[in-house]
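Examination of the molecular architecture
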Amino acid sequence: MILILLCACNAVGQNKFSQQKVLEDLDFLHESLDKAHYNLYAYTTKTAFNENFEELKSSVTKDSLSLLEVTSLFQAVISKANNGHTEINFPGAVYREYAHSGGTLFPLEIAFENGKALVRKNWSGNSALNSGTELIRINGLTINEVLERIYPLISAERRYFKLAKIELFSFPRLYWQAFGEQKSFEIEVKKENKNQQYQLQSIDLIQDYEMKRNELWYAKRELQFLHQTAYLRPGNFGGDEQEYKRFIDSAFVEINNTKLPHLIIDLRNNLGGDDSFSDYLVSYIADRPFQWNSEFTLKTSAILKTHVREKYDTSNPFWQSVLTHEAGSIYPYEFDAYEPQPKTKRYAGKTFVLVNRQSHSQSAVTAAQIQDYEFATIVGEETGDFPSLYASQYNYDLPHTGINVKIAKGYIVRVNGSKKAEGVVPDIYIQDHLIDENDEILDGLLKHIARNQ
């Protein structure tokens, strides 16, 4: 992630854009979202979306705007749809330039739990601000007032998911985007039921922040054996598919050779990916043919057709369907049932799947799929992402600024048919405290297994 943020170059060749070009791209963004999105007004009204758009458009009064200003402006337009898969990325190119020019950041990483903003990591040098300290104010603004400035930069269906995304992208980065560089911070915290004030200095972005922290998402694939339990972390559902399948194959050979009675599959801090990866994993714990959804519908558009012709194999039936249906039409697409692995290869013991608020996209869909087929017991906390969701994301560039727009072309309904606006609710609830290095969910499950053996 550090490399992505510090080295990523958006497809943008300049740092300033004229008012006219920005306004033209604003109109293009509005029109393209309306025409190409599966259901732009699923979580907001058309009136509210358009009023927000007109207010933002009228705010463009300067002769030219910087790339950071334009990105934040367009994010505030698109985030009004309240759809996590319809978004504009964090401005990595601008962040990179800021980093290499000696940029500084707010020195506290924040986690959001039980309605509170809690110190997760402290790089300020002030030892009084230990993990779990509640942050009340920054530079005179309450934490809720600060978050109201950050929320328009984040696309998500609900506040719970917005806060999870702020944790994922990191509060100091987003604070910088929303407020600009600030060299000092007057903060108010609550310690032992008393409010206390501290003066903090900003820290060097690269040496004191990026080089010292770890991202919340965890892509590493690993297999461990913990007591009488196999523990498998498959990583994100993307990358080299054949390499991924080889890892899953070899992992289950080892798991089955041990003949352990319990298996834990960890989908926490997982960014999701493609169903072909997740279905292959599920095939090792499934006892019958399965699907990853009960209903999948797509909306095609002129933008999507162009994207498909440029990026994909148009002989593939899935992409053929995009091209053969009339632009603007919504149609169902049925996937074939996925066969489980032969009985001799699949795992037959008791399986548990771990989730938390950072189980994103396909990882949440997969957890719901496993839960609905009763292939395993889900453990942890509710996912931020919905398992019935507007997703199947693709992207296109705005014509003048080159800013990349990600958009949902499909609607996915979880296996049990529920369209309820909620995350995957675990069968066994254990809260994940991100403010410490303890693994409450895994440790709690291992204790549960030991008690019930």
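As shown above, the structure is provided for reference.
Presented here is an overview of the structure given in this document. (Residues numbered from 1 in each chain as written. Predicted model: local features only at pLDDT ≥ 70, side-chain atom pairs only at ≥ 80, totals over all residues. Heavy atoms only, no water.)

Quick word on the nonpolar core
Quick note on the threshold: Here the nonpolar core consists of buried residues drawn from Ala, Val, Leu, Ile, Met, Phe, Trp, Tyr and Cys, with membership extended through side-chain atoms lying within 4.5 Å. Residue burial is assigned from relative accessible area. The probe radius is 1.4 Å, only protein chains are included, and a residue is buried under 20% of its type maximum, exposed over 50%, and partly exposed in between. Helix and strand assignments follow DSSP, with helices taken as H or I runs no shorter than four residues and strands as E runs no shorter than two, numbered in order from the N terminus.
Counting residues in hydrophobic clusters, the biggest one holds 83 residues, and the most contacted among them are Phe-74, Ile-138, Ile-166, Phe-171 and Ile-187. Sort the elements by how many residues they give to this core and helix H4 (residues 67-78) lands first, with eight residues. Of all hydrophobic cores here, the second largest spans 34 residues; its members include Phe-237, Ile-248, Ile-265 and Phe-375.

Some remarks on the sheet that holds strand S11 (residues 222-226)
The condition is simple: Only when DSSP finds a minimum of two bridges between them are two strands counted as paired. Residue contacts are counted whenever heavy atoms from the two residues lie within 4.5 Å of one another. To obtain each axis, a line is fitted to C-alpha atoms, and for helices this fit is confined to the stretch in contact; angles are then taken between N-to-C directions over 0 to 180 degrees.
The sheet built from six strands is open, its strands ordered S11-S12-S13-S16-S17-S20 with mixed pairing. A single partner strand is all that each edge strand has here, and the edge strands are S11 and strand S20 (428-429). Bridge analysis of strand S12 (residues 229-233) against strand S13 (residues 262-266) gives four bridges, and the strand direction is parallel. The residue of S13 that forms the bridge with Tyr-231 is Ile-264. The strands touched by helix H15 (residues 440-451) are S11, S12, S13, strand S16 (350-355), strand S17 (377-380) and S20; relative to S16, the strand with the most contacts, the crossing angle is about 155°.

Side note on the pattern of salt bridges
Worth spelling out the cut-off: The salt bridge criterion pairs a side-chain nitrogen of Lys or Arg with a carboxyl oxygen of Asp or Glu, the two atoms within 4 Å.
All chains considered together, the criterion is met by 27 salt bridges. Here Arg-96 and Glu-97 are joined by a salt bridge, their closest N and O atoms 3.7 Å apart. Judged by relative accessible area, Glu-97 falls into the partly exposed class, the value being 36%. Across the pair Arg-357 and Glu-113 runs a salt bridge whose closest N-O atoms are separated by 3.3 Å.

Focus: the sheet that holds strand S15 (residues 330-332)
As summarised here, the arrangement of the four strands in space is S15-S14-S19-S18, forming an open sheet in which the pairing is antiparallel. Taken across any chain shown, the strands that pair with only one partner, and hence form the sheet edges, are S15 and strand S18 (389-397). If you compare each strand with its neighbour and ignore which way they point, the axes differ by 30° on average. Where S18 lies against strand S19 (residues 404-413), eight bridges are found, and the strand directions are antiparallel. Of the residues in S19, the one forming a bridge with Asp-397 is Asn-404. Packing of helix H12 (residues 302-311) onto the sheet brings it into contact with strand S14 (295-299), S18 and S19, and relative to S18 it is tilted by some 70°.

Description of the pairing of S12
Taken across its five residues, S12 has five buried, putting it largely inside the fold. The alternating pattern of S12 places Thr-229, Tyr-231 and Arg-233 and Ala-230 and Leu-232 on opposite faces, both of which are buried. In this structure, S11 lies alongside S12, joined through five bridges in antiparallel fashion. Bridging across to S12, Gln-224 finds its partner in Tyr-231. The antiparallel pairing of S11 with S12 creates a hairpin that spans two residues between the two strands, and His-227 there sits at a positive phi of about 60°.

A few points about the side chain of Glu-222
Just so we agree on the cut-off: A 3.5 Å cut-off defines polar contacts: any pair of N or O atoms within that distance qualifies, except that in protein one atom must be a possible hydrogen donor and the other a possible acceptor, and neighbouring residues in sequence count only when both atoms are side-chain atoms.
Mapped onto the fold, Glu-222 is located in strand S11. Residue classification places Glu-222 among the buried positions, given a relative accessible area of 14%. Looking at Glu-222, its side chain comes within polar contact range of the side chain of Tyr-218, at 3.3 Å. The contact partners of Glu-222, leaving out residues within four places of it in the chain, are Tyr-231, Leu-232, Arg-233 and Phe-247.

Thoughts on the layout of surface pockets
Test applied: A pocket here means an open set of points on a 1 Å grid, computed over the protein atoms alone, that has protein on both sides within 12 Å along at least five of seven lines. A cavity is instead a set of points where a 1.4 Å probe fits but cannot get out; residues with an atom within 4 Å of a point line either one. Grid points are joined across faces, edges and corners, and a volume is the space filled by probe spheres set on the points. Three classes are used: nonpolar for Ala, Val, Leu, Ile, Met, Phe, Trp, Tyr, Cys and Pro, charged for Asp, Glu, Lys and Arg, and polar for all others, with Gly counted as polar.
The space that makes up the second largest pocket amounts to roughly 570 Å³. Considering the residues around the second largest pocket, the lining is formed by 20 residues, among which Arg-120, Leu-216, Tyr-218, Asn-269 and Glu-437 are closest to the centre. The set of elements that each furnish at least two residues to the lining of the second largest pocket consists of strand S5 (116-122) and S12. Looking at the lining of the second largest pocket, its residues break down into five nonpolar, four polar and eleven charged.

Describing the packing of aromatic side chains
Heads up, the condition is: Between the rings of Phe, Tyr and Trp (Trp by its six-membered ring), a pair exists once the centres lie within 6.5 Å; its type follows the angle of the planes, with under 30 degrees stacked, over 60 edge-to-face, and the other angles tilted. Geometrically, a charge over a ring is one whose NZ (Lys) or CZ (Arg) sits within 6 Å of the ring centre while staying within 35 degrees of the ring normal.
The tally for this structure, following the rule as stated, stands at 35 aromatic pairs. Following the ring pairs from residue to residue traces out a cluster consisting of Trp-292, Phe-296, Tyr-312, Phe-318, Trp-319, Tyr-333 and Phe-335. Directly above the ring of Phe-352 sits Lys-350, whose terminal nitrogen or CZ lies 5.4 Å from the centroid.

Some remarks on the packing of H12 against helix H13 (residues 317-324)
Put simply, the test is: Here roughly perpendicular refers to angles of 65 to 115 degrees, roughly parallel to angles under 35, roughly antiparallel to angles over 145, and oblique to all remaining angles. For any helix crossing, the convention is left-handed if the near helix is rotated counterclockwise from the far helix by under a right angle, and right-handed if that rotation is clockwise.
Interhelical geometry of H12 versus H13 gives an angle of 140° and a closest axis separation of 9 Å. On the basis of their axis angle, the class for H12 and H13 is oblique. In the packing of H12 onto H13, the handedness of the crossing is left-handed. Of H13, the residues touching H12 (which contributes Leu-304, Lys-305, Val-308 and Arg-309) are Trp-319, Val-322, Leu-323 and Thr-324. Taken together, the residues of the contact of H12 with H13 sort by class into five nonpolar, one polar and two charged.

Some remarks on unusual backbone geometry
The phi angle at Asn-114 is positive, at roughly 55°, despite the residue not being glycine. Here Asn-114 lies in the loop between strand S4 (108-113) and S5. If you check the backbone angles, Asn-139 has positive phi at about 50° while not being a glycine. When you line up the elements, Asn-139 lands in the loop between strand S6 (134-138) and strand S7 (141-142).

A word on the packing of helix H6 (residues 143-150) against helix H8 (residues 171-179)
Look at H6 against H8: their axes get within 9 Å of each other, and the N-to-C directions meet at 75°. As far as their axial angle goes, H8 and H6 are roughly perpendicular. Residues Ile-143, Val-146, Arg-149 and Ile-150 of H6 form the contact with H8, whose own contacting residues are Phe-171, Leu-174, Tyr-175, Ala-178 and Phe-179. In the contact of H6 with H8, the residues fall into eight nonpolar, no polar and one charged.

Details of the environment of Glu-167
Along the chain, Glu-167 turns up in helix H7 (residues 159-169). Classification of Glu-167 by relative accessible area gives buried; the value is 3%. Expressed as a C-alpha distance, the spacing of Glu-167 and Arg-357, which sit 190 residues apart in the sequence, is 10.0 Å. For Glu-167, the side chain forms a polar contact with the side chain of Arg-357, separated by 2.9 Å.

What is shown is where atoms sit, not what they do.
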